Amino acid sequence: MAVRVGVVVFPGSNCDQDTTWGLRLAGAEPVELWHESPHLGGVAAVVLPGGFAYGDYLRAGVIARFSPVMRGVAAFAATGGLVLGICNGFQVLAEAGLVPGALLRNRGLRFVCREVAIVPERLDTPFTRLVGERRPLRMPVAHGEGCYYADAGTLDALERDGQVLFRYVGPDGWPAGDADDPANPNGSLRAIAGVMNAAGNVAGLMPHPERAAEALLGSADGLPILRSLVAAAGERAGAGGPAVVTLGGAA
Amino acid sequence: MSAPDAGPAASFRFAVNVTPKEGILDPQGRAVEQSLPHLGVAGVAHVRVGRRVEMTVEAPDEAAARAIVDRLAGELLANPLIEQYAVEVLGGASSATRAGT
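Residues numbered from 1 in each chain as written. Chains lettered and ligands numbered in written order. Predicted model: local features only at pLDDT ≥ 70, side-chain atom pairs only at ≥ 80, totals over all residues.

Enquirer: Could you clarify how one ought to interpret the overall build of chain A in this entry?
Expert: Along chain A, the regular secondary structure elements total six helices and eleven strands. What you see for chain A is a C-alpha radius of gyration of 16 Å, in line with the 18 Å of a compact globule of 251 residues. Referenced to the eigenvectors of the C-alpha coordinate spread, the extents of chain A come out at roughly 50 × 40 × 35 Å. In chain A, of all internal contacts separated by at least 6 residues, the share reaching a separation of at least 24 is 77%. (Helix = DSSP H or I, 4+ residues; strand = E, 2+ residues; numbered from the N terminus. Rg over C-alpha atoms; globule rule 2.2 N^0.38 Å. Contact = placed C-beta atoms within 7 Å.)

Enquirer: Where do I start with the environment of Asp26 of chain B in this structure?
Expert: Residue and element names in this part refer to chain B. By the element assignment, Asp26 lies in the loop between β1 (10-20) and α1 (27-39). You can call Asp26 buried: it has 21 C-beta atoms within 10 Å. When the C-alpha positions of Asp26 and Val49 are compared, they lie 7.2 Å apart, and in sequence the two are 23 residues distant. Beyond its immediate stretch of four places on either side in the chain, Asp26 contacts Pro20, Arg48 and Val49. (Buried ≥ 20, exposed ≤ 12 C-beta atoms within 10 Å, placed from the backbone.)

Enquirer: Just to check I follow, could you spell out the interface of chain B and chain A for this structure?
Expert: Note: interface size is frequently given as the accessible area lost on complex formation between the parts. Listed by partner, the interface residues are nine residues for chain B and nine residues for chain A. Among the residues making up the side of chain B that touches chain A, the classes are represented as seven nonpolar, two polar and no charged. (Nonpolar A, V, L, I, M, F, W, Y, C, P; charged D, E, K, R; others polar.)

Enquirer: Even after reading the chapter, I still don't get the nonpolar core, so can you show me in this structure?
Expert: Side chains that are nonpolar tend, in soluble globular proteins, to be buried together. Residues Val5, Val46 and Leu229 of chain A are the most contacted members of the largest nonpolar core, which totals 85 residues. With seven residues, helix α6 (residues 223-238) of chain A is the largest single contributor of residues to this core. If we ignore the near neighbours within four places in the chain, the residues touching Leu229 of chain A are Ala45, Leu82, Leu84, Pro126 and Phe127 of chain A. In terms of nonpolar packing, the next biggest core, distinct from the first, is built from nine residues, Phe12, Ala65, Val69 and Ala78 of chain B among them. (Core = buried A, V, L, I, M, F, W, Y, C linked by C-beta atoms within 7 Å.)

Enquirer: Help me understand the sheet that holds strand β2 (residues 51-59) of chain B in this model?
Expert: Within a beta sheet, neighbouring strands are joined by backbone hydrogen bonds and run either parallel or antiparallel to one another. Residues and elements named next belong to chain B. The strand order across the open sheet built from three strands is β2-β1-β3, with neighbouring strands paired in antiparallel fashion. Two strands lie at the open edges of the sheet, namely β2 and β3 (83-89), each paired on one side alone. Direction aside, neighbouring strands of the sheet carry axes that sit 25 degrees apart on average. (Pairing = 2+ DSSP bridges. Axes fitted to C-alpha atoms, helices over the stretch in contact; angles between N-to-C directions.)

Enquirer: Hey, could you run me through the pairing of strand β9 (residues 164-168) of chain A in this one?
Expert: Successive residues of a regular strand alternate their side chains across the two faces of the sheet. All names here are of chain A. Most of β9 is tucked away, with five of its five residues classed as buried. For strand β6 (residues 112-120) and β9, the ladder comprises three bridges, and the chain directions are antiparallel. In the strand pairing of β9, Pro120 is matched with Phe166. Two elements, β9 and strand β10 (residues 192-196), share three bridges in a ladder whose sense is antiparallel. From the neighbouring strand, Val164 faces β10, where its bridge partner is Val195.

Enquirer: Is there a simple way to explain α6 of chain A in this structure?
Expert: Along an α-helix, residues three or four apart share an orientation, since each turn contains 3.6 residues. Given a rise of 1.5 Å per residue, 16 residues ought to cover 22 Å, and the 22 Å separating the end C-alpha atoms of α6 of chain A matches this to within 8%. Looking only at α6 of chain A, the buried set comprises Leu223, Pro224, Ile225, Leu226, Arg227, Ser228, Leu229, Val230, Ala232 and Ala233 of chain A. (Expected span 1.5 Å × (residues − 1).)

Enquirer: I keep staring at the pairing of strand β3 (residues 45-48) of chain A and nothing clicks. Help me out?
Expert: All names here are of chain A. Here β3 shows a buried face lined by Ala45 and Val47 and a second buried face lined by Val46 and Leu48. Looking at chain direction, strand β1 (residues 3-9) and β3 are connected through three bridges and run parallel. From the neighbouring strand, Val5 faces β3, where its bridge partner is Ala45. Here β3 runs beside strand β4 (residues 82-86); their pairing, made up of four bridges, is parallel. Following the sheet pairing, Ala45 is matched in β4 by Leu82.

Shown next as structure tokens:
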């Protein structure tokens, strides 16, 4: 039976259908999760898709953070449930404090919509285990607030603890510079494109693996990321976890 | 309709000014700075672009209203990782919104 993976739909999400499609290509049974309910329906993993949740008003991701579904996602994550935030989903996770750091306005002030290359820093995570090797993965970015920021102490700790998941790289495969390097689309510090929480079960990245999930889209480099998540979720579901999350209050 | 027995509530008007923390890159501020030569303006530096949020709060007294505003500012209006805020008490709830001139 296919692994059930939830895709959260906020008002303003616009990559939920692409993500659903990509997850199906990766072998999962996608389940849409509406933002007004904190109940995740027993899914084995959750993806927060890209878009402009709640219009990105105030700050990208912050209004979504307080939506009912995020109570469910936070409880799910606290029990070890796998959560992946893509683009706006990453911004939501950062605002919720489920992954470290913040996403600032792009350093060049412009919305950037183009293909980039990223390299996984680790191949042993639920999000990269089927990538196979540390090679550049080509996929699009499309965001106005993607400049990864954390203070220097936090950045050092993230590097030390292996929480940097993806970095933007140049044509030579080496990490992009901080600023004025076209390989770094938004000026992210230390060219960080994706990070994980300390427990390694919640991750976010700005590029869109679901928009690079089959050759027809110009690149299938994103598919191994989705397949990694589905495989890891399947193992956890098979092992009886993550635990069924019960929240206070009535159903 | 009668109000719940929470005592008479009054209205208080506040503004929360949110700005990028010191040391946080502010590309909007930099863009403003870079435009100044086009205006023939010199001697202006350290431009920081933020956000101002005004609100009316009903509470038994100003201290209680202020506590609500502080909570909103810290949890919602500003992201403490990257932004700082200052709360300003405005002159009464009756102060009308001024239209642009």
